[in-house]
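Fold and contact review
If you want the building blocks of each chain, they are given just below.
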Amino acid sequence: MIEGLSHITFIVRDLDRMTAFLAAVFDADQVYDSGDATFSLSRERFFRIAGVWVAVMEGDPLPEPTYNHVAFKIPESEFDAYEARARGCGVEVRAARPRVAGEGRSLYFHDHDNHLFELHTGTLDERLAAYAQAKPTP
């Protein structure tokens, strides 16, 4: 039986740069740094972001950006502040995709290693209700 999400792992070229990025945008709390004593495939660091275990490992990053992403929930009232945080890290914030009224707002941005992050203000129940009321685009 699946008990829930265990962790998310990102492969990054520069652990220090990713550490600064996660702290600046997500208020990530670093809880582990392997240093030179690697127990896994490479040097790694562990973080907690809103109770989620996020691991970053040193290696070759994604060759190009994709739409595969991880999304964290944020309050609507803090959307603009989080956008400023992301832009302050020097990463490009993507244009938002067209939205159905009521599904919440999303902020998309890639880190320096082509991982796409989303900060979203809505919930699954809100999105399902919005989609039920809307007409799909042909």
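What you are looking at is a predicted structure, and each value in this text was computed from that prediction instead of being measured.

A few words on the sheet that holds strand β4 (residues 52–58). Strand order across the open sheet formed by four strands is β1-β4-β3-β2, with mixed pairing between neighbours. Both outer strands of the open sheet, β1 (7–12) and β2 (29–33), are each paired with one neighbouring strand and no more. The mean inter-strand angle of the sheet, taken between neighbouring strand axes irrespective of direction, is 25 degrees. Pairing analysis gives six bridges linking strand β3 (residues 44–49) to β4, with the strands arranged antiparallel.

For a regular strand, the rule is simple: side chains alternate between the two faces of the sheet. Of all five residues that make up strand β8 (residues 116–120), five are buried, and the element is covered over most of its length. Judged by which residues are buried, β8 turns out to be covered on both faces: Leu 116, Glu 118 and His 120 on one side and Phe 117 and Leu 119 on the other are all buried. Where strand β5 (residues 69–73) meets β8, five bridges bridge the pair, whose relative direction is parallel. Bridged to His 69 within β8 is Leu 116. Bridge analysis of strand β7 (residues 106–110) against β8 gives five bridges, and the strand direction is antiparallel. Bridging from a neighbouring strand, His 110 pairs with Leu 116 of β8.

In the predicted model, the protein carries a mean pLDDT of 91, and 97% of its residues have values of at least 70. Ranking the elements of the protein by mean pLDDT puts helix α3 (residues 124–133) last, at 86, and helix α1 (residues 15–26) first, at 97.

Before going further, it helps to spend a moment on the packing of aromatic side chains. If you walk through the whole model with that rule in mind, you get 11 aromatic pairs. With a centroid separation of 5.2 Å and an interplanar angle of 70 degrees, the aromatic rings of Phe 46 and Trp 53 are classed as edge-to-face. Here Tyr 67 and Tyr 108 contribute two aromatic rings whose centre-to-centre distance is 5.8 Å and whose plane-to-plane angle is 40 degrees, an arrangement assigned as tilted. Of the two residues, Tyr 67 is situated in the loop between β4 and β5 and Tyr 108 in strand β7; the sequence distance between them amounts to 41 residues. A residue is classified by how much of its surface remains accessible, and Tyr 67, at 41% relative accessible area, is partly exposed. Overall, Tyr 108 belongs to the buried group, its relative accessible area being 3%. Looking at Arg 105, its charged tip hangs above the ring of Phe 79, at a distance of 3.7 Å from the centre.

Rules and cut-offs
- Residues numbered from 1 in each chain as written.
- Predicted model: local features only at pLDDT ≥ 70, side-chain atom pairs only at ≥ 80, totals over all residues.
- Heavy atoms only, no water.
- Pairing = 2+ DSSP bridges.
- Helix = DSSP H or I, 4+ residues; strand = E, 2+ residues; numbered from the N terminus.
- Axes fitted to C-alpha atoms, helices over the stretch in contact; angles between N-to-C directions.
- Buried < 20%, exposed > 50% of the residue type's maximum accessible area, 1.4 Å probe, protein only.
- pLDDT = per-residue confidence, 0-100.
- Phe/Tyr/Trp six-rings, centres within 6.5 Å; stacked < 30°, edge-to-face > 60°.
- Lys NZ or Arg CZ within 6 Å of the ring centre and 35° of its normal.

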